[in-house]
Amino acid sequence: MKKEKFSIEYIFNNVSSLSLWNQLTTSMGLSSWFADKVAVKNNEYTFTWHTEEQKANAILILPEVCIRYRWINEPDPIAYFEFHIHTMELTGVTALEITDFAEPGEKEDAIDLWDSQVYVLKRTLGI
């Protein structure tokens, strides 16, 4: 069954794009909020949660702006997850847009998971 694409945006007050970028792309940053352990070799990321391990490739990198990951074992040829950093024009605050794909009927659960993960991310950044 084809997955459904969705995007969510989060506001990060008083956070530089470089600090946020490091949390989204480095093994140390990602292991502080996204997974228990992250290893990076070239553009291949190995994420570990307890004893489960998954690998993803970084298939698009625009430094300090956007990184797109694709799970190596993803059966849907168009599915990926992406972090896009931008500045809100009116307020000047940093925003993070997350794009992901979910099975039909699982979108709300996926959004809830991202909400909880981003809550941890904000705490690691001191907000």
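The structure presented is a predicted model; accordingly, all values stated were derived computationally and were not measured.

### Quick word on the overall build of the protein chain
Stage number 1. Tallying secondary structure elements over the protein chain gives 3 helices and 7 strands in all.
Stage number 2. Going residue by residue from the N terminus, the α and β elements of the protein chain occur as β-α-α-β-β-β-β-β-β-α.
Stage number 3. Taken against the 2.2 N^0.38 rule, which gives 14 Å for 127 residues, the C-alpha radius of gyration of the protein chain at 14 Å falls within 12% of a compact globule.
Stage number 4. Out of the 127 residues belonging to the protein chain, those deemed buried represent 39%.
Stage number 5. Long-range contacts, defined here as pairs at least 24 residues apart, represent 48% of the contacts in the protein chain between residues at least 6 apart.
Stage number 6. Counting every atom, the protein chain has about 7400 Å² of accessible surface; 51% of that belongs to carbon and sulfur.
Stage number 7. Between the averaged position of the 11 positive side-chain charges in the protein chain and that of its 19 negative side-chain charges there is a distance of 5 Å.

### Some words on a nonpolar patch on the surface
Stage number 1. A cluster of nonpolar side chains, contributed by Ile 59, Leu 60, Leu 62 and Val 65, occupies part of the molecular surface with about 300 Å² of accessible area.
Stage number 2. With respect to the element layout, Leu 62 can be found in strand S4 (residues 52–62).
Stage number 3. For Leu 62, a relative accessible area of 42% gives the class partly exposed.

### Structural notes on the side chain of Thr 25
Stage number 1. Relative to the assigned elements, Thr 25 resides in helix H1 (residues 17–25).
Stage number 2. A distance of 2.8 Å separates a polar atom in the side chain of Thr 25 from the backbone oxygen of Trp 21.
Stage number 3. Thr 25 has contacts with Leu 30, Tyr 45, Ile 67 and Tyr 69, leaving out every residue within four places of it along the chain.

### Comments concerning a negative patch on the surface
Stage number 1. Residues Glu 106, Glu 108, Asp 109, Asp 112 and Asp 115 make up a contiguous surface patch of negative charge.
Stage number 2. Positionally, Asp 109 belongs in helix H3 (residues 107–124).

### Side note on the pattern of salt bridges
Stage number 1. In total, this model carries 4 salt bridges according to the counting rule given.
Stage number 2. Lys 3 is paired through a salt bridge with Glu 74; the nearest N and O atoms lie 2.9 Å apart. In this pair, Lys 3 is assigned in the segment before strand S1 (4–12) and Glu 74 in the loop between strand S5 (66–71) and strand S6 (81–87), connecting sequence segments 71 residues apart. With respect to burial, Lys 3 and Glu 74 carry one shared label: buried.
Stage number 3. Between Arg 68 and Glu 82 there is a salt bridge whose closest N-O contact spans 2.7 Å.

Conventions used here
- Residues numbered from 1 in each chain as written.
- Predicted model: local features only at pLDDT ≥ 70, side-chain atom pairs only at ≥ 80, totals over all residues.
- Heavy atoms only, no water.
- Helix = DSSP H or I, 4+ residues; strand = E, 2+ residues; numbered from the N terminus.
- Rg over C-alpha atoms; globule rule 2.2 N^0.38 Å.
- Buried < 20%, exposed > 50% of the residue type's maximum accessible area, 1.4 Å probe, protein only.
- Contact = heavy atoms within 4.5 Å.
- Areas by Shrake-Rupley, 256 points an atom, 1.4 Å probe, with all protein chains shown as cover.
- Lys, Arg positive; Asp, Glu negative; His and termini not counted.
- Charge placed at Lys NZ, Arg CZ, Asp CG, Glu CD.
- Patch = residues over 30% accessible without salt bridge, like charges linked within 9 Å, V, L, I, M, F, W, Y side chains within 5 Å.
- Salt bridge = Lys/Arg side-chain N within 4 Å of Asp/Glu carboxyl O.
- Polar contact = N/O pair within 3.5 Å; in protein donor to acceptor, adjacent residues only side chain to side chain.

Function cannot be inferred from these measures alone, as they are strictly geometric.
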